[in-house]
Amino acid sequence: KNQVEQSPQSLIILEGKNCTLQCNYTVSPFSNLRWYKQDTGRGPVSLTIMTFSENTKSNGRYTATLDADTKQSSLHITASQLSDSASYICVVSATGYGGATNKLIFGTGTLLAVQP
Amino acid sequence: GAGVSQTPSNKVTEKGKYVELRCDPISGHTALYWYRQSLGQGPEFLIYFQGTGAADDSGLPNDRFFAVRPEGSVSTLKIQRTERGDSAVYLCASSWGAYNEQFFGPGTRLTVL
């Protein structure tokens, strides 16, 4: 069964600190892995997209890593800001799943709270 | 448009009623997706349109759910005989093609009393 699991479920850190969020997946056939940020009451916004050949990708203070062998990914946030408080969702795309669909399989997210 | 828009932002209805949720994708995007997100969960795929046709509707939970995209742009998700378990945020996303980045709308929060 295609699944995406994330840890921790929630995390509280102080402003300015770093943190790392984890994602494990069992999705086949794998196409790409994305990290999304979802603010409360808003739709998800893409942070990074990585194919199986990419080990790391950065977007400002966000750095994602991917180990396609162990099927693990992480999202590292550097020098956190209050505006980083949100849910971070790991999403894996399965190519050709059910046809030509780029079907996204979502994790349940990590709820991050950055406190002053 | 500037982004994906969805209306209404909130919808409260009574059990057994019929509801329609609307999605306006980014202009020119050929692919459109509907997702459902329950509280504390990640979005769950419902249906995918490529142009006017539903290319994959395997995520629709039952025949009470139906979606259309008659002109290949705006889409409407229709739910008949609503049940309390249908309460969730319904997200719409669009992309240039099937394998491109999906841009999400803000969602419609549906509450069935």
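Because the structure is a prediction, the values reported are computed rather than measured. (Residues numbered from 1 in each chain as written. Chains lettered and ligands numbered in written order. Predicted model: local features only at pLDDT ≥ 70, side-chain atom pairs only at ≥ 80, totals over all residues. Heavy atoms only, no water.)

### Some thoughts on the packing of aromatic side chains
So, point 1. In this structure the tally under the stated criterion is ten aromatic pairs over all chains.
So, point 2. Ring plane angle 35° and centroid distance 6.4 Å describe the contact between A:Y36 and A:F106, whose orientation is recorded as tilted. With A:Y36 in strand β4 (residues 30-38) and A:F106 in strand β10 (residues 103-106), this residue pair connects regions lying 70 residues apart in the sequence. Here A:Y36 and A:F106 have matching classes, each one buried.
So, point 3. Summarising the aromatic geometry, the rings of B:Y33 and B:Y48 are spaced 4.8 Å apart at their centres and angled 25° between planes, so their arrangement reads as stacked. Placement of the pair is B:Y33 in strand β4 (residues 31-37) and B:Y48 in strand β5 (residues 44-50), with a sequence separation of 15 residues.
So, point 4. The exposure class of B:Y33 is buried, given its relative accessible area of 0%.
So, point 5. Among the aromatic side chains, those forming a connected cluster through ring pairs are A:Y36, A:F106, B:Y33, B:Y35, B:F45, B:Y48 and B:F104.
So, point 6. When the ring centre of A:Y62 is taken as reference, the NZ or CZ atom of A:R61 above it lies at 5.7 Å. (Phe/Tyr/Trp six-rings, centres within 6.5 Å; stacked < 30°, edge-to-face > 60°. Helix = DSSP H or I, 4+ residues; strand = E, 2+ residues; numbered from the N terminus. Buried < 20%, exposed > 50% of the residue type's maximum accessible area, 1.4 Å probe, protein only. Lys NZ or Arg CZ within 6 Å of the ring centre and 35° of its normal.)

### Quick word on the environment of A:R34
Residue and element names in this part refer to chain A.
So, point 1. Inspection of the secondary structure puts R34 in strand β4.
So, point 2. The spatial distance from the C-alpha of R34 to the C-alpha of T108 is 13 Å, given a sequence separation of 74 residues.
So, point 3. A polar atom in the side chain of R34 sits 2.9 Å from the side chain of N32. (Polar contact = N/O pair within 3.5 Å; in protein donor to acceptor, adjacent residues only side chain to side chain.)

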